[in-house]
Amino acid sequence: MKQMLGLWRDTWWLWTAFMVLTIVFAFVVGIFFLLLVPCLPIPFVYFAFNRYDKDGNEKADLGA
């Protein structure tokens, strides 16, 4: 759980922008864009567990 809190702490603005853009596109382009809303947690969880350790800190050895 701390991995997800760490990712949210560092990228909350990005995920909020994704959600806002998805809703705006749903109203402007088409309602089918709302299908992206239940898909957003999947990459969030994926990146949280791959980029953050069990304490919620970013892993140091990502480039190695």
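Before reading further, recall that the structure is shown in the block above.
No experiment lies behind these values; they were computed from the predicted model shown.

This part covers the overall build of the protein. Looking only at helices and strands, one finds two helices and zero strands in the protein. Computed over its C-alpha atoms, the radius of gyration of the protein comes to 14 Å, more than 25% above the 11 Å expected for a compact globule of 64 residues. A separation of at least 24 residues holds for 54% of the contacts in the protein among residues at least 6 apart in sequence. Accessible surface for the protein amounts to roughly 4900 Å². Of this, 74% is attributable to carbon and sulfur atoms. When the 5 basic and 5 acidic side-chain charges of the protein are each reduced to a single mean position, those positions are 4 Å apart.

Within the secondary structure, lysine 2 is located in helix H1 (residues 2-28). For lysine 2, a relative accessible area of 48% translates into the label partly exposed. If near-sequence neighbours (up to four positions away) are discounted, lysine 2 is found in contact with Lys54, Asp55 and Gly56.

Moving on, we get to the pattern of salt bridges. The tally for this structure, following the rule as stated, stands at two salt bridges. As a salt-bridge pair, aspartate 10 and arginine 9 come within 3.3 Å of each other at their nearest N and O atoms. With relative accessibility at 33%, the residue aspartate 10 sits in the partly exposed group. Given the relative accessible area of 48%, arginine 9 is considered partly exposed. Here arginine 51 and glutamate 58 are joined by a salt bridge, their closest N and O atoms 2.9 Å apart. Using a relative accessible area of 42% as the deciding quantity, one classes glutamate 58 as partly exposed.

Calculation notes
- Residues numbered from 1 in each chain as written.
- Predicted model: local features only at pLDDT ≥ 70, side-chain atom pairs only at ≥ 80, totals over all residues.
- Heavy atoms only, no water.
- Helix = DSSP H or I, 4+ residues; strand = E, 2+ residues; numbered from the N terminus.
- Rg over C-alpha atoms; globule rule 2.2 N^0.38 Å.
- Contact = heavy atoms within 4.5 Å.
- Areas by Shrake-Rupley, 256 points an atom, 1.4 Å probe, with all protein chains shown as cover.
- Lys, Arg positive; Asp, Glu negative; His and termini not counted.
- Charge placed at Lys NZ, Arg CZ, Asp CG, Glu CD.
- Buried < 20%, exposed > 50% of the residue type's maximum accessible area, 1.4 Å probe, protein only.
- Salt bridge = Lys/Arg side-chain N within 4 Å of Asp/Glu carboxyl O.

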